[in-house]
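Observations on chain architecture
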Amino acid sequence: MQQERNTATELSEDDLALIQVLQASPRMGWADAAKVLDVHATTLAARWERLTASGAAWVTAHLAGDPKQMLLAYVAVDCEMNRRESVTAQLAAVPEIVTVEEAASNRDLMLTVITRSLEEFSEKIISRLKAIEGLTKYQVALCTRLHSSGDDWRLNVLSRAQLATLRTLGPQAVAEEAKAAAGQLPESHLDLLPFLARDGRATAAEIARGLGRHPATVQRQLNRVLASGILSFRCEIAQRYSSFPVTCQWFVNVPAGQHEAAAAGIRTISNVRLSASTTGPTNFVIIMWLHTLADVMSAELALQQKVPGIDIVESAVMLRTVKRVGWMLKEDTTASGAVVHAGSLGAAAD
């Protein structure tokens with residue numbers, strides 16, 4: 001059951017509805033969004049500007065992490081307690097470490113890492129982990145199949161009529177043959193990535209001004225980048241405003257040969273933010289956003305009902321998200337405005 005919202009500090013229903021529209025189609029134009037919400041386009045643009053200025057919501061683009069194209073890894077880190085703050089800051093400064101979370105478990109920190117290859121992961125990440133003073137241990141789980149991610153999570157505040165309209169206006173699926181060309185994108189195209197990481201709704205004209213290129217040239221490059229499938233676009237919301245302030249991650253085993261069936265069952269649980277098959281001591285990882293800590297038990301029951309034979313090995317509640325897909329967050333979960341991203345598929349950029 002959805003919790004009551006404190007209207008003095010929480011977002012309005014209109015704010016949440018706009019965010020869900022952009023969750024479904026992060027680059028949707030205001031004219032189309034107006035058709036879904038029956039609100040004037042200029043009003044929606046002003047509302048979005050207010051939300052982004054406050055750090056309550058933002059649109060970003062990040063490397064998709066598809067194991068067919070690149071390497072996606074989940075890394076558990078232990079560190080000396082008196083150096084935890086320093087270790088966390090150093091890890092968050094690494095562009096390829098896209099997410100950093102503090103955990104209330106036998107793992108001090110949980111990292112999500114995206115690199116171009118296993119070799120780059122060893123060169124850029126493992127060597128960096130070994131060099132950080134106070135970092136005492138790490139454990140790596142490599143993603144072999146990404147079943148669902150935060151891009152798929154929704155607030156579920158829109159009406160059926162609004163959802164029906166949204167489906168007629170949403171983005172078209174990217175063809176597999178277009179995705180296969182991702183590795184062939186030239187450096188000139190990859191130069192667009194830092195701009196899209198800072199603002200996933202950035203236009204070709206805005207990017208062209210930043211790069212000093214002709215808008216028509218950038219529009220062609222942008223179209224190719226969007227079609228390649230190397231990027232995932234997502235509209236994020238500060239977790240405190242989502243009515244789901246608790247993040248829990250599970251490390252589980254599912255029977256061999258049942259990963260796709262398990263993923264399909266897990267996908268029907270609306271709270272799920274991520275599900276992936278992995279290597280390591282367990283073979284599957286699941287992340288959910290929950291209303292309260294009491295919902296951890298309810299979520300585990302749902303997992304057992306949806307996935308026959310699932311073995312829940314460990315659960316970890318996150319105390320704080322320091323960095324989420326490149327964006328540095330404040331203590332209150334709002335965006336700080338600072339973005340640390342991998343730039344041109346691995347090159348450090350501000």
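What comes next is a walk through the structure. (Residues numbered from 1 in each chain as written. Predicted model: local features only at pLDDT ≥ 70, side-chain atom pairs only at ≥ 80, totals over all residues. Heavy atoms only, no water.)

Some thoughts on the overall build of the protein
- Each helix and strand counted, the protein has 13 helices and twelve strands in total.
- A globule of 350 residues ought to have a C-alpha radius of gyration of about 20 Å, and the protein, at 20 Å, matches this closely.
- Judged by the C-alpha coordinates and their principal axes, the protein covers about 50 × 45 × 45 Å.
- By residue count, 53% of the 350 residues in the protein fall in the buried class.
- Taking contacts inside the protein between residues at least 6 apart in sequence as the whole, the part at least 24 apart equals 75%.
- Carbon and sulfur atoms provide 52% of the accessible area of the protein, an area that totals close to 15900 Å².
- Mean positive and mean negative side-chain charge positions of the protein (34 and 37 charges, respectively) differ by 4 Å. (Helix = DSSP H or I, 4+ residues; strand = E, 2+ residues; numbered from the N terminus. Rg over C-alpha atoms; globule rule 2.2 N^0.38 Å. Buried < 20%, exposed > 50% of the residue type's maximum accessible area, 1.4 Å probe, protein only. Contact = heavy atoms within 4.5 Å. Areas by Shrake-Rupley, 256 points an atom, 1.4 Å probe, with all protein chains shown as cover. Lys, Arg positive; Asp, Glu negative; His and termini not counted. Charge placed at Lys NZ, Arg CZ, Asp CG, Glu CD.)

Remarks on the environment of valine 307
- Here valine 307 lies in the loop between helix 13 (295–306) and strand 10 (311–324).
- Classification of valine 307 by relative accessible area gives buried; the value is 3%.
- The spacing of valine 307 and alanine 262 is 45 residues in sequence and 5.3 Å in space, taken between C-alpha atoms.
- In this structure valine 307 touches Val254, Ala262 and Ile266, once residues within four positions along its chain are discounted.

Re the packing of aromatic side chains
- With the rule as written, the count across this model stands at three aromatic pairs.
- A connected cluster of aromatic rings, assembled from ring pairs, spans Trp153, Phe244 and Trp289.
- Lying over the aromatic face of phenylalanine 251, arginine 107 brings its terminal NZ or CZ to 3.9 Å of the ring centre.
- Just above the ring of tryptophan 289 sits the side chain of arginine 273; from NZ or CZ to the centre is 3.9 Å. (Phe/Tyr/Trp six-rings, centres within 6.5 Å; stacked < 30°, edge-to-face > 60°. Lys NZ or Arg CZ within 6 Å of the ring centre and 35° of its normal.)

Brief notes about the side chain of glutamine 23
- Along the chain, glutamine 23 falls in helix 1 (residues 13–24).
- Look at glutamine 23 and you get buried, because its relative accessible area is 4%.
- Those residues in contact with glutamine 23, other than ones at most four positions away along the chain, are Asp151, Trp153, Arg154, Leu155 and Cys235.

Concerning the pairing of strand 3 (residues 97–104)
- A large share of strand 3 lies buried, amounting to seven of its eight residues.
- Of the pairings in the sheet, the one linking strand 3 to strand 4 (residues 109–115) comprises five bridges and is antiparallel in character. If you follow glutamate 101 over to strand 4, its bridge partner there is methionine 110.
- Connecting the antiparallel pair strand 3 and strand 4 is a turn made up of four residues. (Pairing = 2+ DSSP bridges.)

What about the side chain of serine 277?
- With respect to the element layout, serine 277 can be found in strand 8 (residues 272–278).
- Overall, serine 277 belongs to the buried group, its relative accessible area being 3%.
- A polar contact is formed between the side chain of serine 277 and the side chain of histidine 147, at a distance of 2.8 Å.
- Among the polar contacts made by the side chain of serine 277, one reaches the side chain of histidine 259 at a distance of 2.6 Å.
- If we skip the residues at most four places from it in the chain, serine 277 touches Leu142, Cys143, Thr144, Arg145, His147, His259, Asn283 and Phe284. (Polar contact = N/O pair within 3.5 Å; in protein donor to acceptor, adjacent residues only side chain to side chain.)

Quick look at the packing of helix 1 against helix 2 (residues 30–37)
- Running from amino to carboxyl end, helix 1 crosses helix 2 at an angle of 125 degrees, the nearest separation of the two axes being 11 Å. Regarding the angle of helix 1 to helix 2, the classification is oblique. When you trace helix 1 past helix 2, the crossing you get is right-handed. On helix 2, the residues touching Ala17, Leu18, Val21 and Leu22 of helix 1 are Trp30, Ala33, Val36 and Leu37. (Axes fitted to C-alpha atoms, helices over the stretch in contact; angles between N-to-C directions. Parallel < 35°, antiparallel > 145°, perpendicular 65-115°, else oblique. Left-handed = near helix turned anticlockwise from the far one by under 90°.)

Section: the pattern of salt bridges
- Using the criterion set out here, one finds 18 salt bridges in the structure.
- For aspartate 15, the salt bridge is made with arginine 50, and the minimal N-O distance between the two is 2.7 Å. Of the two residues, aspartate 15 is situated in helix 1 and arginine 50 in helix 3 (residues 41–54); the sequence distance between them amounts to 35 residues.
- The shortest N-O distance in the salt bridge between arginine 107 and glutamate 314 comes to 2.7 Å. Of this pair, arginine 107 sits in the loop between strand 3 and strand 4 while glutamate 314 sits in strand 10, placing them 207 residues apart in sequence. Grouping residues by exposure puts arginine 107 and glutamate 314 together as buried. (Salt bridge = Lys/Arg side-chain N within 4 Å of Asp/Glu carboxyl O.)

A closer look at the packing of helix 2 against helix 3
- Their axes nearest at 8 Å, the elements helix 2 and helix 3 cross at an angle of 100 degrees. Considered as vectors, helix 2 and helix 3 are oriented roughly perpendicular to each other. Facing helix 2, whose interface residues are Trp30, Ala31, Ala33, Ala34 and Leu37, helix 3 presents Ala41, Leu44, Ala45 and Trp48.
- Here the contact of helix 2 with helix 3 is composed, by residue class, of nine nonpolar, no polar and no charged. (Nonpolar A, V, L, I, M, F, W, Y, C, P; charged D, E, K, R; others polar.)

Digging into the state of the cysteines
- Enumeration over the complete set of coordinates arrives at zero disulfides.
- Looking at cysteine 143, it has no disulfide partner, and the nearest cysteine sulfur is the one in cysteine 248, 19 Å off.
- For cysteine 143, a relative accessible area of 8% corresponds to the buried category. (Disulfide = S-S within 2.5 Å.)

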